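Residue-level structure breakdown
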Amino acid sequence: MTNYYNRELSWLSFNYRILGEAKDKTIPLMERVKFLSITASNLDEFFMVRVASLKDQVHAKYTKKDIAGMTAKEQLAALSVGTHNLVEAQYNTLNRSFLPALDKQGLQILTQHEDLDPVQSEYVDRYFVQNVYPVLTPMAVDSSRPFPLIRNKSLNIAALLSDKKNKKHIDFATVQVPSGLPRFVEIPTKKESDTCVILLEQIIEKNIQSLFLNYKVLDACPYRVMRNADLSIDEDEAADLLIEIEKQLKKRQWGEVIRLEVGASMDKRLLKILKRELNVQNDDIFKINGPLDLTFLMKIYGLDGFSHLKEPAYVPQPPKTMDLDRNLFDQIREHDILLHHPYETFDPVVNFVKMAALDPDVLAIKQTLYRVSSNSPIIASLAAAAENGKQVTVLVELKARFDEENNIVWAKKLEQAGCHVIYGLVGLKIHSKITLVVRQEEDGIRRYVHLGTGNYNDSTAKLYTDMGMFTCKRPYGEDATSVFNMLSGYSEPLVWNRLALAPTWLRNKFLSLIQRESENALAGKEARIVGKMNSLCDRGIIDALYEASNAGVKIDLIVRGICCLKTGLPGLSENITVRSIVGTFLEHSRIFYFANDGVPEIYMGSADWMPRNLDKRVEILFPVEDEFLKKEIQHFLRVQLEDNLKAHLLQPDSEVEGDNDPVHIYGGIYRKIDRRGKASVGAQMTFCKEALEAARSSDH
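These notes cover the structure that comes with them. (Residues numbered from 1 in each chain as written. Predicted model: local features only at pLDDT ≥ 70, side-chain atom pairs only at ≥ 80, totals over all residues. Heavy atoms only, no water.)

**Notes on the nonpolar core**
Defined as follows: We define the nonpolar core as a collection of buried residues of types Ala, Val, Leu, Ile, Met, Phe, Trp, Tyr and Cys that are connected through side-chain atoms lying within 4.5 Å of one another. Burial classes: relative accessible area under 20% of the type maximum marks a residue as buried, over 50% as exposed, and values in between as partly exposed (1.4 Å probe, protein chains only). For helices the rule is a DSSP run of H or I covering at least 4 residues; for strands it is a run of E covering at least 2, with both sets numbered from the N terminus onward. Any two residues having at least one pair of non-hydrogen atoms within 4.5 Å are treated as being in contact.
Counting 123 residues, the largest nonpolar core has Ile300, Leu536, Leu545, Leu557, Leu565 and Trp609 as its most contacted members. No other element matches the 14 residues that helix H2 (residues 29-59) contributes to this core. Not counting residues up to four positions away in its chain, the partners in contact with Trp609 are Phe510, Ile514, Met533, Ser535, Leu536, Cys537, Asp538, Ile541, Leu545, Leu557 and Phe592. Counting 48 residues, the second largest nonpolar core, distinct from the first, contains Ile422, Val438, Leu637 and Ala691.

Rendered as structure tokens:
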């Protein structure tokens with residue numbers, strides 16, 4: 001065993017933690033349904049990107065081992081076992097827990113058309129003829145009609161056919177389940193207060209004989225493919241990055257099949273044909289005991305009439321450090337402002353850009369955009385600002401995975417409005433979150449800056465926990481100008497006042513901060529590190545943390561997802577704890593606290609402790625200097641560390657002995673905290689409550 005966990009199996013361990021929330025009967029039923037849907041969408045992306053990348057390495061005969069000492073081939077073997085176990089656990093949860101429990105609550109999900117009663121059967125047949133049949137395109141495969149392209153993530157039905165004239169002759173056909181139609185259909189019930197739905201593929205399967213009138217359908221069964229969706233772009237050779245990415249997006253549909261899901265009852269002959277035509281190995285075939293593609297459960301969650309099975313919807317509150325009715329620029333001049341989303345509303349960030357677009361004194365707006373919403377008010381304001389004659393520079397990251405198409409659309413619209421649009425940098429992703437507003441005021445030019453840990457996305461800001469800060473202090477403004485000059489041209493500052501940027505300076509910044517805590521601990525001074533992030537898998541950072549732990553630094557890490565660091569290793573990590581919080585909101589903020597011998601320093605930013613963030617992306621780390629804001633962030637970290645409802649603690653390796661699951665062995669085992677005899681603390685619930693109380697007190 002090595003001193004590090006494998007990155008991919010650590011991620012799988014995280015998806016198990018989400019599945020754990022789906023199994024937790026203390027959580028309202030519909031919320032649990034949502035968690036199960038999330039595990040399915042997560043797994044899809046994991047296969048399309050991470051598993052696909054490992055397969056590429058195997059094809060290229062790349063044999064270098066990762067930090068856990070595993071080759072790509074060994075990782076794929078372990079992941080095959082781990083993902084098959086996870087899928088089995090997903091469907092056990094669905095079939096044994098959710099479907100019976102929902103049925104009791106008056107919501108029946110029919111996963112087999114054989115379960116329809118006569119009235120429902122007639123309704124379904126009529127629905128098929130009127131709404132489904134006209135859309136379908138059955139595709140036979142024979143000597144004149146080659147096997148068709150099966151689109152990535154599409155749901156299909158494979159059919160085994162016997163010619164009515166020549167019964168010995170067996171044919172294969174496939175039909176795609178239309179993605180433009182609802183995945184499930186509400187059908188009549190005996191009890192008016194109940195709701196019953198049937199899945200679209202079951203409606204098609206029930207009526208599939210009508211698609212092949214001259215044949216007898218021997219077997220029909222759903223299947224779904226997952227393809228390699230990792231874009232390979234030679235940016236040095238690409239004359240136009242935007243055009244090159246548009247071309248590569250089309251190729252996603254043609255990528256290598258890396259996963260085939262089939263109904264567990266599929267005829268062996270059908271499976272043999274699919275396996276051959278799609279060139280799939282046995283390890284990549286998943287026989288599913290239930291409906292394929294559980295992401296449809298998110299739509300089930302959205303059904304009306306089941307609010308009693310959900311958590312009450314939380315409405316983001318006004319920020320406690322500002323007054324929404326006062327001019328935002330005036331307030332930023334008075335003091336730095338901290339925003340904590342989604343507990344506090346994202347509106348001030350949207351309004352910051354909107355006000356700047358309309359304000360006659362604003363000369364320029366500069367912003368980085370990584371992922372934005374489909375109907376972004378920020379984009380509309382930037383376009384309006386350009387039309388109002390302001391200088392608008394927007395850096396749109398075209399390589400934001402699975403948001404490429406969305407970002408291309410926005411980039412073109414911004415250009416049409418007169419904005420200066422930069423499409424990222426060669427070889428680097430722009431992941432930093434920064435907005436600069438340059439304003440002419442009575443005493444001269446003043447620069448207003450917003451820095452954040454999350455995307456400028458008004459939709460996800462209601463679902464992700466992030467922090468942001470407004471400031472107009474000169475050192476931050478000068479650094480912000482330097483950032484945009486560096487991104488738009490070739491100007492690299494000799495020194496930075498406050499900001500630290502990847503890929504050139506950030507790694508050394510973090511290492512020096514960790515080293516300082518080690519030196520303080522060895523000198524008997526106050527030393528402590530608290531780090532909150534999404535992922536930790538950088539070997540250099542992990543080794544520095546091991547060294548600090550060995551020097552006596554108490555280190556508490558709050559890592560939502562991947563963590564390659566091991567806790568409890570004698571002489572290495574005995575002073576390190578790692579916890580993962582999985583709750584209603586997606587933990588997304590990156591915050592770093594260093595005790596610094598009693599003069600604490602706090603930093604926030606866009607970067608995780610991962611090689612890609614430190615070496616291959618443009619990231620920004622910024623200090624929080626306002627003492628009131630520092631106390632707020634320290635309170636936030638303290639409550640997160642006290643969480644005993646949603647926090648999972650990473651266990652030492654000794655806890656895994658005798659466990660055969662590769663996810664536990666190579667990815668780490670996490671357990672919820674034993675809270676017997678202790679008051680329950682849920683960090684997310686606490687912050688919701690505090691934001692509501694602050695809003696009520698300000699009303700009075």
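Next comes the rest of the description.
**Some remarks on the sheet that holds strand S5 (residues 184-187)**
Convention followed: In this scheme, strands are said to pair when DSSP sees at least two bridges between them. To get an axis, a line is fitted to the C-alpha atoms, and for a helix only the part in contact is used. The angle between two axes follows their N-to-C directions and goes from 0 to 180 degrees.
On the basis of which strands lie adjacent, the open sheet formed by three strands has the order S1-S6-S5 and mixed pairing. Unpaired on one side and paired on the other, strand S1 (107-110) and S5 mark the two borders of the sheet. Along the sheet, successive strands turn relative to each other by an average axial angle of 25°, direction set aside. Sheet contacts for helix H4 (residues 118-132): S1, S5 and strand S6 (195-199); angle to S5, the most-contacted strand, approximately 135°.

**Quick look at empty space enclosed by the protein**
Our working definition: Space inside and on the surface of the protein is sampled on a 1 Å grid over the protein atoms alone, with a cavity defined as a set of points where a 1.4 Å probe fits but cannot get out and a pocket as an open set with protein on both sides within 12 Å along at least 5 of 7 lines; lining residues have an atom within 4 Å of a point. Grid points are joined across faces, edges and corners, and a volume is the space filled by probe spheres set on the points. Basically, the charged four are Asp, Glu, Lys and Arg, the nonpolar ten are Ala, Val, Leu, Ile, Met, Phe, Trp, Tyr, Cys and Pro, and anything else, Gly included, counts as polar.
Applying the stated criterion across every chain, the model contains three cavities of 30 Å³ or more. Its volume calculated, the largest cavity comes out at about 180 Å³. If you go around the largest cavity, you meet 14 residues; those closest to its centre are Lys320, His340, Glu344, Glu632 and Glu690. Residue assignment for the lining of the largest cavity shows that the elements contributing at least two residues are strand S10 (337-341), helix H17 (627-642) and helix H19 (683-699). Of the residues in the lining of the largest cavity, the class split is seven nonpolar, three polar and four charged. Each pocket or cavity is described by its volume, and for the second largest cavity that value is around 100 Å³. Lining the second largest cavity are 14 residues, with His341, Phe346, Gly454, Asn455 and Asp466 positioned closest to its centre. Considering every element that reaches the lining of the second largest cavity, the biggest residue donor is strand S17 (residues 464-471), with three residues. Partitioning the lining of the second largest cavity into residue classes produces four nonpolar, nine polar and one charged.

**Things to note about the packing of helix H10 (residues 347-358) against helix H11 (residues 377-387)**
Stated precisely, the cut-off is as follows: For classification purposes, angles smaller than 35 degrees are called roughly parallel, those larger than 145 roughly antiparallel, those between 65 and 115 roughly perpendicular, and all remaining angles oblique. Two helices crossing with the near one rotated counterclockwise from the far one by less than a right angle form a left-handed crossing, whereas a clockwise rotation gives a right-handed crossing.
The interhelical angle for the contact between H10 and H11, taken along N-to-C directions, is 15°, at an axis separation of 8 Å. In terms of axis orientation, H10 runs roughly parallel to H11. Crossing geometry of H10 relative to H11 is assigned as left-handed. Contact with H10, carried on its side by Val350, Val353, Lys354 and Ala357, involves Pro377, Ile378, Ser381, Leu382 and Ala385 of H11 and no other residues of that element. Counted by class, the contact of H10 with H11 contains seven nonpolar, one polar and one charged residues.

**Description of the pairing of strand S16 (residues 444-452)**
When strand S15 (residues 434-441) meets S16, the two strands line up antiparallel, connected through eight bridges. Counterpart to Val437 in the pairing with S16 is Tyr448. From the end of S15 to the start of S16, which pair antiparallel, there are two residues. Bridge count between S16 and S17: four bridges; the pairing is antiparallel. Paired with Gly452 across the two strands is Gly468, which belongs to S17.

**What to know about the packing of helix H1 (residues 7-23) against H2**
It is the contact of H1 with H2, at a shortest axis distance of 8 Å, that shows an interaxial angle of 170°. By the angle class used here, H1 and H2 are roughly antiparallel. Considering the relative orientation of H1 and H2, their crossing is left-handed. Across the interface between the two elements, Arg7, Glu8, Trp11, Leu12, Phe14, Asn15, Ile18, Leu19, Glu21, Ala22 and Lys23 from H1 touch Arg32, Phe35, Leu36, Ile38, Thr39, Asn42, Leu43, Phe46, Arg50 and Leu54 from H2. Residues of the contact of H1 with H2, tallied by class, amount to 12 nonpolar, three polar and six charged.

**Some points on the side chain of Arg7**
Here Arg7 shows up in helix H1. The buried category is assigned to Arg7, whose relative accessible area is 19%. In contact with Arg7, other than residues within four places in its own chain, are Arg50, Asp66, Cys537, Ile562, Cys564, Met610 and Arg612.

Treat this as a map of the structure, not an account of what it does.
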